[in-house]
Amino acid sequence: MNANKNIAIDVNLATVQFRILAATRQAGRALDAVGLIAVSKHQGAPALRAAYAAGQRAFGESYVQEALDKQAQLNDLAIEWHFIGRIQANKTRPIAAEFDWVHGLADPGHARRLSEQRPAGRPPLKVCVQVNTSGEASKGGVAPEAVADLLAVCASLSGLRVMGLMTLPVPDADPHRRREPLRALRLLRDRLTTPEQPLNCLSMGMSDDLEAAVLEGATLVRIGTAIFGARPYNRDLALAGFPSGIGL
Ligand SMILES: *Cc1c(COP(=O)(O)O)cnc(C)c1O
């Protein structure tokens, strides 16, 4: 890892923090209302180490094996690990064991497995239910009408702690249309939140829609490219309409 790349990561991180702060102020929200997850999928352990040295503590990973490899290399750091990828039933055990948060929960069976497999002695796994706010099949997540049922399942599981809702953006050149799913997630949260189960967390906003997400109420933004630079080209995503470099 050359030193220049580390310097770029630390400047990029400060730039992202500034963008979050500016949008938070523009939205009239409390200046500490929005947390930052550095999305480090496809980045090597030295890149995470550089971001950590610059003060970053929460990191998001999408691929279980890749994440486990990096966790082994970074076990001297007090990182908060967020699993933000698609959950596969045969991978729930390492997710339950090695992560602090899961963002893409969309299946009651996965919820039960994660709860059962959460090691005793660790605090409950923090989860966000992924909502398909755009109606696009490729986006994953549960339909808005099904969210209440999945939340009820999660609330009954002692190994999980429900934090809120998460969504993925729709690729759309029109900034106004890109805001609609973000707003839909917030409105759904407002409707479903109760004193017994407050949905405090809105996990939304990536490098390209960070400001829109903060204006619509995001409490956790998941930022990769703007911190670490472009990832390798991903054919599946290109087919789904994302620009190259997103590499989900
Ligand atoms: C990759 C990824 C991100 C970060 O995307 P960038 O455009 O690189 O900021 C955020 N959320 C999820 C679920 C991702 O897979």
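## Some remarks on the overall build of the protein chain
Logical step 1: A tally of regular secondary structure across the protein chain gives 10 helices and eight strands.
Logical step 2: The C-alpha radius of gyration computed for the protein chain amounts to 17 Å, which stays within 12% of the reference 18 Å derived for 248 residues, consistent with globular compactness.
Logical step 3: The proportion of buried residues among the 248 residues of the protein chain is 49%.
Logical step 4: Nonlocal contacts in the protein chain, meaning residues at least 24 apart in sequence, comprise 58% of its contacts between residues at least 6 apart.
Logical step 5: Roughly 11400 Å² of accessible area belongs to the protein chain as shown, and the carbon and sulfur atoms make up 52% of that amount.
Logical step 6: In the protein chain, which carries 28 positive and 24 negative side-chain charges, the distance between the mean positions of the two groups comes to 1 Å.

## Points about the packing of aromatic side chains
Logical step 1: Per the stated rule, a full pass over the model turns up two aromatic pairs.
Logical step 2: Between F59 and W81, the aromatic rings sit 6.4 Å apart at their centres with planes inclined by 45 degrees, giving tilted as the arrangement. Highlighted residues: F59 in strand β2 (residues 58-61) and W81 in strand β3 (residues 80-83), separated in sequence by 22 residues. Here the two residues F59 and W81 agree in accessibility, since each one is buried.
Logical step 3: Here R57 stacks its cationic end above the ring of Y52, 3.6 Å away from the centre of that ring.

## Things to note about the site of the ligand
Logical step 1: Taken together, 14 residues lie near the ligand, and K41, S207, R222, G224 and T225 sit nearest.
Logical step 2: The separation between an oxygen atom of the ligand and a polar side-chain atom of K41 is 2.6 Å.
Logical step 3: Between G224 and the ligand, the recorded distance is 2.8 Å, taken from a backbone N or O atom to an oxygen atom.
Logical step 4: Protein coverage of the free-state accessible area of the ligand, which is 390 Å², stands at 97%.
Logical step 5: Grouping the constituent residues of the shell around the ligand by class yields seven nonpolar, four polar and three charged.

## A look at the pattern of salt bridges
Logical step 1: Considering all chains together, one arrives at 10 salt bridges under this definition.
Logical step 2: A salt bridge links K70 to E66; its shortest N-O distance comes to 2.7 Å. Here K70 and its partner E66 are both found in helix α3 (residues 64-73), four residues apart, which amounts to about one turn of the helix.
Logical step 3: Exposure remark for K70: the relative accessible area of 4% places this residue in the buried category.
Logical step 4: When the shortest N-O distance is used, the salt bridge between R177 and D174 registers 4.0 Å.
Logical step 5: Linked by salt bridges that have partners in common, R179, R183, R186 and E216 make up one network.

## Focus: the environment of A45
Logical step 1: If you trace the backbone, A45 turns up in helix α2 (residues 45-53).
Logical step 2: Classification of A45 as buried rests on a relative accessible area of 7%.
Logical step 3: When the C-alpha atoms of A45 and D69 are compared, they prove to be 8.7 Å apart, with 24 residues separating the residues in sequence.
Logical step 4: With sequence-adjacent residues up to four places away left out, A45 is seen in contact with K70, Q73 and L74.

Quick notes on the rules
Residues numbered from 1 in each chain as written. Predicted model: local features only at pLDDT ≥ 70, side-chain atom pairs only at ≥ 80, totals over all residues. Heavy atoms only, no water. Helix = DSSP H or I, 4+ residues; strand = E, 2+ residues; numbered from the N terminus. Rg over C-alpha atoms; globule rule 2.2 N^0.38 Å. Buried < 20%, exposed > 50% of the residue type's maximum accessible area, 1.4 Å probe, protein only. Contact = heavy atoms within 4.5 Å. Areas by Shrake-Rupley, 256 points an atom, 1.4 Å probe, with all protein chains shown as cover. Lys, Arg positive; Asp, Glu negative; His and termini not counted. Charge placed at Lys NZ, Arg CZ, Asp CG, Glu CD. Phe/Tyr/Trp six-rings, centres within 6.5 Å; stacked < 30°, edge-to-face > 60°. Lys NZ or Arg CZ within 6 Å of the ring centre and 35° of its normal. Near = heavy atom within 4 Å. Polar contact = N/O pair within 3.5 Å; in protein donor to acceptor, adjacent residues only side chain to side chain. Nonpolar A, V, L, I, M, F, W, Y, C, P; charged D, E, K, R; others polar. Salt bridge = Lys/Arg side-chain N within 4 Å of Asp/Glu carboxyl O.

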